[in-house]
Amino acid sequence: MYLYTISHKNPIDLHGTLFSGQSFMWDNAFSCGGLYAAVVRGVALVVSVQLTGELEVHASSKEIGGMNVPDFIRYYFTDDVESKGLFPEKFSVEFPRVWKLVLPYFHLKVLRQEFFETMLTFMCAQGIGMHLIRKQVSMLARTYGESVSVRIGERELVLYGSPSPERLASLDPLELSRCTNNNRIRAANIILSARAIAEGRVDIEALKDREIPIEDLRNMLSCAGGIGYKIADCIALFGIGRFDAFPVDTHVRQYMAEWFGSEAALRALTPATYLLIDGDARTILRPEMAGYAGHLLFHCWRREIKKLQSF
DNA sequence: CTCCAGGTGGCGA
DNA sequence: TCGCCACATGGA
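Sequence order as written defines the numbering, with residues in each chain counted from 1. Note on labels: chains are lettered from A, ligands numbered from 1, in written order. The predicted origin of the model limits local features to residues at a pLDDT of at least 70 and limits the giving and counting of side-chain atom pairs to 80 or more, whereas totals for whole chains, interfaces and linings rest on all residues. As a rule here, side-chain values come from all non-hydrogen atoms in the structure, and water together with hydrogens is ignored.

A few points about the overall build of chain A
Here a helix means four or more residues in a row that DSSP labels H or I, a strand means two or more in a row labelled E, and each is numbered from the N terminus. Of the regular secondary structure elements, chain A holds 14 helices and 9 strands. The globule rule is 2.2 Å times the number of residues to the power 0.38, and the radius of gyration it is compared with is taken over C-alpha atoms. Since a compact globule built from 311 residues should have a radius of gyration of about 19 Å, the 19 Å found for chain A is in line with a globular shape. Here the C-alpha coordinates of chain A stretch approximately 50 × 50 × 40 Å along the principal axes. The cut-offs for exposure are 20% and 50% of the maximum accessible area for each residue type, with area from a 1.4 Å probe on protein chains only; residues under the lower value are buried, those over the upper are exposed, and the others partly exposed. Across the 311 residues that make up chain A, the buried fraction comes to 54%. Excluding contacts between residues fewer than 6 apart, the proportion of contacts in chain A whose partners are at least 24 apart in sequence is 64%. When the accessible surface of chain A is split by element, carbon and sulfur atoms take 52% of a total near 13800 Å². Here chain A carries 34 positive and 35 negative side-chain charges, and the mean point of each set is 6 Å from the other. The contact criterion used is simple: two residues touch if any of their non-hydrogen atoms lie within 4.5 Å. Every accessible area reported is derived by Shrake-Rupley at a probe size of 1.4 Å, with residue values counting cover from the shown protein chains alone. Here the positive residues are Lys and Arg and the negative ones are Asp and Glu; neither His nor the chain ends is included. For the purpose of locating charges, the reference atoms are NZ of Lys, CZ of Arg, CG of Asp and CD of Glu.

Some details on the protein's contact with DNA strand B
Taken together, the neighbourhood of DNA strand B is formed by 28 residues, with Met 130, Gly 228, His 251, Gln 254 and Arg 302 sitting nearest. Note that a base nitrogen of DNA strand B is positioned 3.3 Å from one of the backbone N or O atoms of Gly 129. Polar contact criterion, stated in full: a pair of N or O atoms within 3.5 Å, where within protein one must be able to donate a hydrogen and the other to accept it, and residues adjacent in sequence count only if both atoms are side-chain atoms. At a separation of 3.1 Å, a phosphate oxygen of DNA strand B approaches a polar backbone atom of Ile 231. If you list the elements that add at least two residues to the surface near DNA strand B, you get α11 (229-239), α12 (250-258) and α14 (290-305). No other element matches the 5 residues that α11 contributes to the surface near DNA strand B. Residues are grouped as follows: Ala, Val, Leu, Ile, Met, Phe, Trp, Tyr, Cys and Pro are nonpolar; Asp, Glu, Lys and Arg are charged; every other residue, Gly included, is polar. Residues that form the surface near DNA strand B fall into these classes: 13 nonpolar, 11 polar and 4 charged. Consider each residue's heavy atoms; a residue with any of them within 4 Å of a molecule or strand counts as near.

With respect to the packing of aromatic side chains
In summary, the pairing rule links any two rings of Phe, Tyr or Trp, Trp by its six-membered ring, whose centres are within 6.5 Å, and it sorts them by plane angle into stacked for under 30 degrees, edge-to-face for over 60 and tilted for everything else. Per the stated rule, a full pass over the model turns up 19 aromatic pairs. Between Phe 95 and Phe 260, the aromatic rings sit 4.8 Å apart at their centres with planes inclined by 90°, giving edge-to-face as the arrangement. You can see Phe 95 sitting in the loop between α2 (91-94) and α3 (96-102) and its partner Phe 260 sitting in the loop between α12 and α13 (271-284), a full 165 residues away along the chain. The burial state of Phe 95 is the same as that of Phe 260; both residues are buried. Grouped by ring-pair contacts, the aromatic residues Phe 87, Phe 91, Phe 95, Trp 99, Phe 106, Tyr 255, Trp 259, Phe 260 and Trp 301 constitute a single cluster.

Quick word on the environment of Phe 95
Judged by relative accessible area, which is 17%, Phe 95 ranks as buried. Each C-alpha atom of the pair Phe 95 and Ala 194 lies 43 Å from the other, and the pair is 99 residues apart in sequence.

Overview of the side chain of Ser 177
By the secondary structure assignment, Ser 177 is in the loop between α7 (173-176) and α8 (184-198). Assessed through its relative accessible area of 5%, Ser 177 is described here as buried.

Considering the environment of Tyr 255
Residue position: Tyr 255 is located in helix α12. On a C-alpha basis, the gap between Tyr 255 and Leu 120 in space is 26 Å, while along the polypeptide they are 135 residues apart. Not counting chain neighbours up to four residues away, the residues in contact with Tyr 255 comprise Phe 246, Phe 260, Gly 294, Leu 297, Phe 298 and Trp 301.

Topic: the protein's contact with DNA strand C
Taken together, the residues surrounding DNA strand C are Gly 127, Ile 128, Leu 132, Lys 135, Asn 181, Asn 182, Asn 183, Arg 184, Ile 185, Arg 267, Thr 270 and Ala 272. Within 4 Å of the protein, atoms of DNA strand C come from sugar and phosphate in 79% of cases. In this structure, a sugar or linking oxygen belonging to DNA strand C sits 3.2 Å away from a side-chain N or O atom of Asn 181. Listed by contribution, the elements that provide at least two residues to the surface near DNA strand C are α5 (130-144) and α8. Here the residues of the surface near DNA strand C sort into 4 nonpolar, 5 polar and 3 charged.

Considering the state of the cysteines
Disulfide: a pair of cysteine sulfur atoms within 2.5 Å of each other. For the structure shown, the criterion picks out 0 disulfides. Here Cys 223 is not cross-linked by a disulfide; its sulfur's nearest cysteine counterpart is in Cys 234, at 17 Å. Between Cys 300, a free cysteine, and Cys 234, which holds the nearest cysteine sulfur, the sulfur-to-sulfur gap is 18 Å.

In structure tokens, the structure reads:
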């Protein structure tokens, strides 16, 4: 293991709500007591925040995806995204009550996670509670992911990476459904998507082209079975780093109605309604950062209003 | 028991 | 396009 002490510009707190996206849904990457551990691109990472505010990082390799560890960590935790610029200037004046509520959530970071890992975890996140989603993701990793054993001082940790498309491609839906809440339709859809990637029928690098308008990207991603607008936007936001993607789920719909008076958000979440709410959000938030800011609002809503404990 | 959870897709009117 | 319903499980 290699040890690094990494300075960063923006506040990063590994406690509680801090982690965004499926980072803390991803049970293999846990963040308890200020500690974060995960396998990223085959490299084991154990990260903790020091009293000085710096990050202490144990890594099983000096390099991750062609980057040195400190650079990768700052990239992965989106240290380049300034929390000050997430909301429009006038937001605090137009919505003072929401502004006051969301202020404590500015330390929350949306992570730049892997494409297939993001697709897999969010395909498991349909109409069920966070608890069950984590259970599926955890079981998928322990059953089909590659394990990496690491030693941090006296602590022995066994971490599991996200399953590769190749590993899942050859599975039978009935077998995989043991890890997908017994939902065979979901398992079959995951296998189909895994095959498409493993066989090179989906060009992931092409999807990462920043020139693609977000509505085009959403349409391209939602072509696959089991992926609608919401999951497509989640993949774009968390798996491609498209912070302009604004996933609308049951919680977002609720706060768009309650906090911002969106008429569309009062109606059932059909595809047409989805696009209307998306449009409303872009008039309230900075379009290019709508998803990132929306994610702070998402956790704020769940914790402060809905009083939910789970992340 | 009922309702809701980080939805999607098939169906009929 | 819109309203139901199945898919599956678990917690409040």
